[in-house]
Structure formats: C-alpha cells, structure tokens
Amino acid sequence: MIQLSQIEEVLNSVFHPEYERSVMELNLVQNLEYKSEENKEDDAGTIKFRLVFHRQDPMANSVKEACERALKKAFPNAKTSILVLIDTKKATGHKSGELGRGDLDKKELDSVISIIAIASGKGGVGKSSVAVNLAITLSQKGYKVGLLDADVYGPSIPKMTGTEGELPPITKVRRKGVEKDLIVPVEKFGVKWMSVGYFAKPEQALIWRGPMACGALKQLAYEVLWEDLDYLLIDLPPGTGDIHITMVQEIPLTGAIIVTTPQKIALTDVEKGINMFRSDKVNTPILGIVENMSWFTPKELPDNKYYIFGQGGGRIMADKYDVPLLGQVPLVMGIMEGGDNGSPAVLNNENVKSAFSSIADAII
C-alpha cells in the first residue's frame, strides 16, 4: 500500500517553473488522500488532491501535468485525480472557484478576424523583430492588433517593447452567464502584447518538456482578454518542433508568414518551414515571405546598400514555392538599437518604417 509520505516525496520533485520551488514547498498541494483497492497490486488505488493557486496562473495546467507524470512514473498502477483550483480570497476578496481542469474555453479567439503565425526555419533571422515592427505598423494603419509571444524558451517581446517587469492583471468577465478569469494583455504602442516572459524572471531558464510548454501557450492564447482584434500575430519559436505543430493545429490560423535572410543556409531552413505549414497535418496557407537583413545601410550613408548576406534569396524562395515576397527589410542600426532599448525601429527610422508599411499593405 502506498504511504502518503511516499506521495509527498514524489511531489516534492515537481517544481513550479516560475518560482523554481516544488509544489510541496509552495503549499500548492491540499487535501492529499490515497484510497487503496482490495485484491489489486500493491500500488493500485487512487491518489487524490487539490492544486490550489492564489492567483490565475498560466502555468497551472502545466504543473498539474507534471504532477501526473511524476506520480505515474513512481506508481504505475495507481490512478490520479487532481483538481486545479484558484483561491483569490487573500488577494482580491473573491470566493474561490474552479479553473478549467485542462479544458480551455477557445471562445476568446472568436472575436479575432485574422490570426497570422510569424515563423522561421532557423534562429537569428530577426523573426521577433519583424513580428513586433509589423504589429505596430498594422496598428498605425488603424487596425486593432495583438501579438502572442510563443517563443517559450527565449521570450524576447517584453524586452523589445520595453514592457519587462509587467505583470498582466486578472479580470473577471461573464460569458453566457458564466463568470471566468481572464488575463489582461499588456498594451503599448497601440498593440496588445502577451508573453510567457511576463510570468518569469528575465534571467530564468524555463526547463520544460514539450507538453508543459504547449499547455502554457494554449492558456496564453485562450485565457487572454483579446476582445475584438483585426489581427493577432503569433511569434513562433524558430524551427519546426512540438510547439509549432500544437499551435498551428489547435489555433485557427488564417495563414503564416515566413521570415528569412538572403543567406543560403537560412533558405534551406525556410523550405522546412514552408513544407511544415503545407503538410497534411497542418495545411495552413503561406501568406508570403519577408526577407530580413536584405542589405546593410550605415547611418552616415543612408542611400547606400551593402549586400553582406548575399542578394535575392527571398525572391528565389518565393518563386520556387509560388508565394509572394511580401517585402525586404534593410539591416540598420536602428533595428538593433530599438530591440535593445524597447523602442521598435518603425517608430524612429524612416527606412524601416517604409519597408514595414509596404509589407503590411501586402498582407492587408
């Protein structure tokens, strides 16, 4: 028969990714019970407890899944029954209420007209920079825009937008007579921003397996008060892994934009990205290719172009796969400086602003 002390020992190895402490240390586990079954294996029975959070936590379902996996590994014949609850009485005076228990309400995206994935086959091509500047450009053209940072392992949107340290508040809304908690996105530059980076320290490494990362991202997509948006951009991590497949299969995408540089090695990875979106499992239209770092233009010579990464690679890929080349973005100091100081380049560099204005018009 399983002892409660054995269960506690296992749960003590399950850490909350934000606080880097175990669920036992954080006192998240309550009402722990074990009910054995007669005439069964020694570890047969049901392990039952509550995971109680004192605020809406986007990591709640991921923590629950981690508990389930740890218990299954330790006690393969036992069943688990874990109830995820939120108790905000200490913080807000509200009564405690049950969270989704893994069943996410996807209705919050119903009011979004177009959902566009921003992807790249490899890292280092400036995908997030393109996503941020494009979101602001669309907003400047009068559209309601949001951006979801889906790069769990390297969330850069908070730094690039100067919103590091923000903690998105929770609000209660009523949907068809049912009250629910939703995360309020951070707003700046006329865009609604959401990132896992708002829920973790900048220097903290999120050591998550695929299911945990995907669970957190689905919550950030479906449990956010996006309201009426014309465009929701999703900044995907580089590559073609679990997160990409989960996001593009579960979120109703309008289409995808592929970001590349003119380098041949980057173009090879672009092909992988295009083939992923066009595969039978994903089947998402490619809206076009954005070629970033197309040429270098120094500040003192704004009319000069130096093709330090080669030339014409984006056009070659666009022609090969019969998709539009949406535009080319020059490599200027303003883009790099803007990304570091939280002031995106479209706000203060005319060359960059003109490039993204043309790209936005092509997308529209």
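Residues numbered from 1 in each chain as written. Predicted model: local features only at pLDDT ≥ 70, side-chain atom pairs only at ≥ 80, totals over all residues. Heavy atoms only, no water.

Chemist: For this particular structure, what's the right way to read the side chain of Lys192?
Modeler: Mapping Lys192 onto the fold places it in strand E12 (residues 191-195). Reaching out from Lys192, the side chain makes a polar contact with the side chain of Glu227 at a distance of 3.1 Å. Contact partners of Lys192, with chain neighbours within four places excluded, come to Val145, Gly146, Leu147, Pro185, Val186, Glu187, Leu225, Trp226, Glu227 and Leu229. (Helix = DSSP H or I, 4+ residues; strand = E, 2+ residues; numbered from the N terminus. Polar contact = N/O pair within 3.5 Å; in protein donor to acceptor, adjacent residues only side chain to side chain. Contact = heavy atoms within 4.5 Å.)

Chemist: Please clarify how helix H9 (residues 313-320) should be interpreted in this entry.
Modeler: Along an α-helix, a turn takes 3.6 residues, which lines up residues three or four apart on a common side. All of the buried residues in H9 are Gly313, Gly314, Met317 and Ala318. The arc that holds every buried residue of H9, seen down its axis, measures 135 degrees, which confines them to one face. Exposed and facing more than 90 degrees away from the buried side of H9 are Ile316, Asp319 and Lys320. (Buried < 20%, exposed > 50% of the residue type's maximum accessible area, 1.4 Å probe, protein only. Arc of directions from axis to C-beta.)

Chemist: For this particular structure, what's the right way to read the confidence of the model for the protein?
Modeler: Atomic detail in the predicted coordinates should be set aside for any region of low pLDDT. For the protein, per-residue confidence averages 81 on the pLDDT scale, and 83% of positions sit at 70 or higher. This stretch, residues 88-103, has a pLDDT under 50; its non-local contacts, to residues over four places away or in other chains, come to 27 contacts. (pLDDT = per-residue confidence, 0-100.)

Chemist: Help me understand the packing of aromatic side chains in this model?
Modeler: Think of a pair of aromatic rings as described by two things: how far the centres are apart, and how the planes are tilted against each other in angle. Across all of its chains, the model carries two aromatic pairs by this definition. Pairing Tyr143 with Tyr231 gives two aromatic rings, centres 5.4 Å apart and planes at 75 degrees, and the pair type is edge-to-face. Of the two residues, Tyr143 is situated in the loop between helix H4 (127-140) and strand E8 (145-149) and Tyr231 in strand E13 (residues 229-235); the sequence distance between them amounts to 88 residues. On the accessibility criterion, Tyr143 (27% relative accessible area) is partly exposed. Look at Tyr231 and you get buried, because its relative accessible area is 9%. Ring geometry for Trp295 versus Tyr307: centroids 6.1 Å apart, planes at 70 degrees, classification edge-to-face. Taken together, the residues span a long stretch of sequence, with Trp295 in strand E15 (residues 286-296) and Tyr307 in the loop between E15 and H9 at a distance of twelve residues. Judged by relative accessible area, which is 13%, Trp295 ranks as buried. (Phe/Tyr/Trp six-rings, centres within 6.5 Å; stacked < 30°, edge-to-face > 60°.)

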